[in-house]
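Examining the three-dimensional arrangement
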Amino acid sequence: MATGRSHRPATRSRGIPEATVARLPLYLRALTALSERSVPTVSSEELAAAAGVNSAKLRKDFSYLGSYGTRGVGYDVEYLVYQISRELGLTQDWPVVIVGIGNLGAALANYGGFASRGFRVAALIDADPAMAGKPVAGIPVQHTDDLEKIIDENGVSIGVIATPAGAAQPVCDRLVAAGVTSILNFAPTVLSVPDGVDVRKVDLSIELQILAFHEQRKAGEEAEAQAGAPAPAERENNDNDKGPDGDVPAVMPA
């Protein structure tokens, strides 16, 4: 099996849009669930609903992969699982290092989904000398002094940063200098990286804040409904909001 350092995914060279790439894991998750239930084929409408997108967008995304399905039959589930996995690079072995083995880092190390998706946790690294040698998820933690050596010996190209914010950028710089070209950042800070290095940021607090916004909006709509106020859709269709021609809302020029 190929290792991550010597092979890169083909998505950029094939001109697949980043938005499509971001949806491919959603399709793969839905398809994997269908495969586990021994479902042989699936329609674009069924798969789109399972992935949470509209069917037209799904068909457009799959056209970039050269997969168009069969009219009246749909898509072959097993073939699509293979096709998307190959496009995402999941048919390769991707060794990953996790830096920062606190509560979050330990939880990531124990996550069983990595191995089933083509990712192998090659090493756990932490700056605390007291952590050195302690097993987490069956893997002994190594000290950050050996970071460069670990990266080189394992051919690592993907690093996960789960350190406190203040340590994240120095760790990122060392990972990049050692040859890591893709970073998943869980630290609550924005990382600066050179061209050619991809960073994906996961900020749980931001996601919770977005959910709080939606909860507040729903609560406000419920309060309006109970008070007998017109719903937003009704307000949009109110005659007072129409433009001079009486049909289209007036729009200020940009």
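Throughout what follows, the structure given in this document is the object of discussion. (Residues numbered from 1 in each chain as written. Predicted model: local features only at pLDDT ≥ 70, side-chain atom pairs only at ≥ 80, totals over all residues. Heavy atoms only, no water.)

**Considering the sheet that holds strand β3 (residues 94-99)**
Hydrogen bonds between backbone groups are what pair the strands of a sheet, and the pairing can be parallel or antiparallel. How we decide: When DSSP locates at least two bridges between a pair of strands, those strands are taken to pair. Secondary structure elements follow DSSP: runs of H or I no shorter than four residues count as helices, runs of E no shorter than two count as strands, and numbering proceeds from the N terminus. When checking whether two residues touch, look at their non-hydrogen atoms; a contact exists if any pair is within 4.5 Å. To define axes, lines are fitted to C-alpha atoms, for helices over the stretch in contact only, and angles between the resulting N-to-C directions are given on a 0 to 180 degree scale.
Strand order in the open sheet formed by 7 strands is β5-β6-β4-β3-β7-β8-β9, with mixed pairing between adjacent strands. Looking along the sheet, the strands with just one partner apiece sit at the ends: β5 (135-136) and β9 (198-201). Note that strand β4 (residues 119-126) and strand β6 (residues 139-143) share 3 bridges and pair parallel. Bridging from a neighbouring strand, L124 pairs with V141 of β6. The sheet strands contacting helix α7 (residues 147-154) are β3, β4 and β6, and the helix crosses β4 at an angle near 165°. Here helix α8 (residues 165-177) sits on the sheet in contact with β3, β7 (158-161) and β8 (182-185), set at roughly 170° to β7.

**Thoughts on helix α2 (residues 44-51)**
The periodicity of an α-helix, 3.6 residues per turn, causes residues three or four places apart in sequence to face the same way. Stated precisely, the cut-off is as follows: Buried, partly exposed and exposed residues are distinguished by accessible area as a fraction of the type maximum, computed with a 1.4 Å probe on protein chains only: under 20%, between the cut-offs, and over 50%, respectively. Summarising the geometry, the arc corresponds to the directions from the helix axis toward the C-beta atoms.
Of all the residues in α2, the buried ones are S44, L47, A48 and A51. For α2, the buried positions fall inside an angular range of 100° around the axis, keeping them on one side. Counted as exposed and oriented over 90 degrees from the buried face of α2: E46, A49 and A50. In this fold, the buried residues of α2 make contact with α1 (18-36), β1 (41-42), α3 (55-64), β2 (75-76) and α4 (77-88). Looking one or two residues beyond α2, the residue adopting positive phi is G52, at roughly 80°.

**Focus on α7**
Where α7 is concerned, the buried positions are L147, I150 and I151. Angular distribution of buried residues about the axis of α7 spans 100°; they occupy a single face of the element. Structural note: α7 exposes K149, D152 and E153 on the side pointing more than 90 degrees away from its buried face. Where α7 is buried, its residues meet β3, β4, β6 and α8. G155 occupies a position one or two residues after α7 and carries a positive phi of about 60°.

**As for the pattern of salt bridges**
Just so we agree on the cut-off: Any carboxyl oxygen of Asp or Glu within 4 Å of a side-chain nitrogen of Lys or Arg constitutes a salt bridge here.
Counted by the stated rule, this structure contains 6 salt bridges. Among the salt bridges present, the one from R174 reaches E148, with a minimum N-O distance of 2.8 Å. Taken together, the positions of R174 in helix α8 and E148 in helix α7 put the pair 26 residues apart, joining distant regions of the chain. Note that K201 is salt-bridged to D203, the shortest N-O span being 3.8 Å. For D203, a relative accessible area of 16% puts it in the buried group.

**Overview of the nonpolar core**
Note the cut-off: As used here, the term nonpolar core means buried Ala, Val, Leu, Ile, Met, Phe, Trp, Tyr and Cys residues forming a set that is joined through side-chain atoms within 4.5 Å.
In terms of nonpolar packing, the biggest core is built from 23 residues, with Y27, L31, V42, L47, L58, F62 and I84 touching the most fellow members. Put simply, the parts of the chain that give this core at least two residues each are α1, α2, α3 and α4. Ranked by residue count, the leading element in this core is α1, at 7 residues. Other than its neighbours up to four places away in sequence, I84 contacts L24, Y27, L28, L31, F62 and L65. Counting residues in each nonpolar core, the second largest holds 20 residues, with A123, A168, C172 and V176 among its members.

**Side note on the side chain of D203**
To be explicit about the condition: Any pair of nitrogen or oxygen atoms within 3.5 Å is treated as a polar contact; in protein, a donor-acceptor pairing is required on top of that, and neighbouring residues in sequence qualify only through side-chain atoms on both sides.
Along the chain, the position of D203 falls in the loop between β9 and α9 (204-227). A polar atom in the side chain of D203 sits 2.5 Å from the side chain of S205.

**A word on the packing of aromatic side chains**
Put simply, the test is: The rule is short: rings of Phe, Tyr and Trp, with Trp giving its six-membered ring, pair when the centres are within 6.5 Å, and they are stacked under 30 degrees, edge-to-face over 60, tilted in between.
Scanning all chains against the criterion turns up 3 aromatic pairs. Judged by centre distance (5.0 Å) and plane angle (75°), the rings of Y27 and F62 are edge-to-face. Here Y27 is found in helix α1, whereas its partner F62 is found in helix α3, with 35 residues between them in sequence. For F62, a relative accessible area of 0% corresponds to the buried category. Each ring, one from F62 and one from Y75, has its centre 5.1 Å from the other, and the planes form 85°; the classification is edge-to-face. Residue F62 is found in helix α3, and its partner Y75 is found in strand β2; the two are separated by 13 residues along the sequence. For Y75, a relative accessible area of 5% gives the class buried. Three or more aromatic residues link up through ring pairs in this structure, and these residues are Y27, F62 and Y75.

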